[in-house]
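Next come the chains, spelled out residue by residue.
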Amino acid sequence: MAQKNFLSIIKKKFGDGDYEGDQFGGAGGHDGGGLPTKSPSNFMFATGIECSYPTIQNGKVRRDQLRECGHYDRWKEDLGLVKEMGLNVLRYGLPYYSIHLGPGKFDWTFADLVMAEIKRLGITPILDLMHFGVPDWVGDFQNPELPIHFAEYAEAVAKRYPWVRYYTPVNEIYVTARISAKDGVWNEQLKTDKGFVTALKHCAAASIMANQQIAKHRNDCIIVQSESAEYTHELSATPSFETNLENELRFLSLDLLYANPPTATVAMYMMDNGLTRDEYNWFMKGKPPGYQIMGNDYYGRNERIKLSDGSIQTSMDVLGWYEITKEYYERYRMPVMHTETNVFEADQAPIWLNKQWVGIMRMRRDGVPVLGFTWYSLIDQIDWDSQLGELNNTVNACGLYDLNRKPRPVAEAYKNLLKEFGQITIVPYGEMLEITDQPAKLKTQV
């Protein structure tokens, strides 16, 4: 019996035509959920609430950062802190794994409470639908049925909260696939190229199908695809094939999402590890619907130096967000948002914030459409120094506020930045994406 693949499952569920961006429907005239189009202050200054929920220890332990960092008990206080900061945009992730109980079954108890408060406060959420994990009944990212199950969840969210306009369907697809199926830390805990390619194609397909279902109910949706901006430097006179491949694979999730043909080397790598020709052609049909914004997450630890003995060092800001994001922009020509950054050392956070902002201002001066900036996250995190792979209960002092909800120095630095730049616009150049109330078109390239 032939093994099922995600594409045959999608076609059985949705048919052949329910993919391309120009085919979606929906009604306009939604209230709320959008940024003002005439205001001089519509640049998206944001923060986020850390919401990762992968499993470790062969599925025995669920790392739910909303629980570990106290958000389930202090969600109303946390949302109040967003307003206290003077921010109106929040990257927020509902816990997919605990809401979607099975096909057609949902528990909206927590989601309804927090979403009502977000709306009441006038916060614009960028709603994150999948953040490093799936419900137990789905299994893991090797499941070819993931795209149809996740599409059902995304549609249910869009129908339940029709006032939401901004979405990140699947957070950091490349990182999700790498840490789960190549590094062996999360979820399926594989360490294979085939596992990596399988996880990545399933997550990319899930994002596309979720995007499609959202657009059916919110045809002016804005999709902020948060993805890690990475680079590996190699201290070798002759860089290895492995390093060159790694520096090409970092683009793979966005190549599949944005129908950008990857290099021949990457295409052969994917097909050697399970991607079929039909699946490849499906990804290359075109961008999914909605206004598409390319979110680039950058931490100093995203840059690595590979020494001649094969060991890896964190390089911290050799190229920086500006140079790496410029590569991504020149590849895709998509509007940009800086969707995540922080450092673990609280005393270094203000200068890191300022360095990121200098990069943003330089990028805008160079004519690249940068629509927003995010300090991630609002509250300190737990055990991200071990990528959540170890249960050490180590506090990572990277938040605007600590776990007691007391401000860290970076909170004041961010407020000062808002005082100075809070009136800038997302449209300083004519070629930039202008967010309007009109239904989104398929192509939104600048």
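These numbers come from a predicted model, not from an experiment. (Residues numbered from 1 in each chain as written. Predicted model: local features only at pLDDT ≥ 70, side-chain atom pairs only at ≥ 80, totals over all residues. Heavy atoms only, no water.)

On inspection of all chains with the given rule, the structure shows 23 salt bridges. A single network of salt bridges, built from pairs that share partners, joins R178, D183, E230, E246 and R304. (Salt bridge = Lys/Arg side-chain N within 4 Å of Asp/Glu carboxyl O.)

Counting 140 residues, the largest nonpolar core has L94, F150, F283 and Y414 as its most contacted members. Among the elements that make up this core, the one with the highest residue count is helix α8 (residues 193-217) (13 residues). When residues no more than four places from it in sequence are discounted, the contact partners of Y414 are F45, A46, M85, L87, L353, F373, W375 and L400. (Core = buried A, V, L, I, M, F, W, Y, C linked by side-chain atoms within 4.5 Å. Buried < 20%, exposed > 50% of the residue type's maximum accessible area, 1.4 Å probe, protein only. Helix = DSSP H or I, 4+ residues; strand = E, 2+ residues; numbered from the N terminus. Contact = heavy atoms within 4.5 Å.)

Here we come to the packing of helix α7 (residues 173-181) against α8. Interhelical geometry of α7 versus α8 gives an angle of 145° and a closest axis separation of 8 Å. In this structure, the crossing between α7 and α8 has a hand that is right-handed. On the side of α7, the interface is formed by I173, Y174, T176, A177, R178 and A181, while α8 contributes G195, F196, A199, L200, C203, A204 and S207. Partitioning the contact of α7 with α8 into residue classes produces nine nonpolar, three polar and one charged. (Axes fitted to C-alpha atoms, helices over the stretch in contact; angles between N-to-C directions. Left-handed = near helix turned anticlockwise from the far one by under 90°. Nonpolar A, V, L, I, M, F, W, Y, C, P; charged D, E, K, R; others polar.)

Another aspect to go through is empty space enclosed by the protein. The tally for this structure, following the rule as stated, stands at two cavities of 30 Å³ or more. By volume, the largest cavity amounts to about 50 Å³. The wall of the largest cavity is formed by I49, E50, Q65, L66, C69, H71, D78, S377, I379, D380 and R405. The residue inventory of the lining of the largest cavity, partitioned by class, reads four nonpolar, three polar and four charged. In this structure, the second largest cavity occupies an estimated 40 Å³ of space. If you go around the second largest cavity, the residues you meet are P169, S207, N211, I223, Q225, L257, P288 and Q292. Of all the elements in the fold, those that place two or more residues in the lining of the second largest cavity are α8 and β9 (222-228). (1 Å grid on protein atoms, 1.4 Å probe; cavity = no way out; pocket = protein on both sides within 12 Å on 5 of 7 lines; lining within 4 Å. Points joined across faces, edges and corners; volume = space filled by probe spheres on them.)

Here the focus is the layout of surface pockets. Space left empty within the atom packing is revealed by a probe, the size of a water molecule, rolled over the atoms. By volume, the largest pocket amounts to about 830 Å³. If you trace the largest pocket, you find 34 residues lining it, with R178, I179, E230, R304 and Q387 closest to the centre. Elements represented by at least two residues in the lining of the largest pocket include exactly α7, α8 and α9 (241-249). A class-by-class count of the residues in the lining of the largest pocket yields 12 nonpolar, nine polar and 13 charged.

Turning next to the confidence of the model for the chain. Model confidence for the chain is summarised by a mean pLDDT of 90, while 89% of its residues fall at 70 or above. Across residues 21-39 the pLDDT falls below 50, and counting only partners more than four positions away or on other chains, this stretch makes 44 contacts in the model. Throughout residues 428-432 the model reports pLDDT below 50, and contacts reaching past four residues in sequence, or to other chains, amount to 13 contacts. (pLDDT = per-residue confidence, 0-100.)

What follows concerns helix α6 (residues 146-160). In an α-helix there are 3.6 residues to a turn, and that puts residues three or four apart on one side. For α6, spanning 15 residues, the distance from its first C-alpha to its last is 21 Å, which sits close to the expected 21 Å at 1.5 Å a residue. Taken residue by residue, α6 has L146, P147, I148, H149, F150, A151, Y153, A154, A156, V157 and A158 as its buried positions. (Expected span 1.5 Å × (residues − 1).)

What follows concerns the sheet that holds strand β10 (residues 231-234). The strand order across the open sheet built from three strands is β10-β12-β13, with neighbouring strands paired in mixed fashion. The sheet is open, and its two borders are formed by β10 and β13 (312-314), each paired with just one other strand. Averaged over neighbouring strand pairs, the angle between their axes works out to 30° when direction is ignored. Along the sheet, α9 contacts β10 and β12 (303-306); its crossing angle with β10, the most-contacted strand, is approximately 160°. (Pairing = 2+ DSSP bridges.)

Right, let's get into the packing of aromatic side chains. What the rule picks out here adds up to 23 aromatic pairs. The interplanar angle of 35° and the centroid separation of 6.2 Å between the aromatic rings of F150 and Y153 together place this pair among those described as tilted. Here the residue F150 and the residue Y153 both occupy positions in helix α6, the gap between them amounting to three residues, near one helical turn. For F150, a relative accessible area of 0% gives the class buried. Among the residues examined, Y153 registers a relative accessible area of 0% and is labelled buried. Each ring, one from F373 and one from Y414, has its centre 5.8 Å from the other, and the planes form 85°; the classification is edge-to-face. Residue F373 is found in strand β15 (residues 370-376), and its partner Y414 is found in helix α15 (residues 409-421); the two are separated by 41 residues along the sequence. The burial state of F373 is the same as that of Y414; both residues are buried. An aromatic cluster is defined as three or more aromatic residues linked by ring pairs; in this entry it consists of F43, F45, W357, F373, Y414 and F421. Stacked on the ring of F251, the Lys or Arg R331 has its end atom at 4.1 Å from the ring centre. (Phe/Tyr/Trp six-rings, centres within 6.5 Å; stacked < 30°, edge-to-face > 60°. Lys NZ or Arg CZ within 6 Å of the ring centre and 35° of its normal.)

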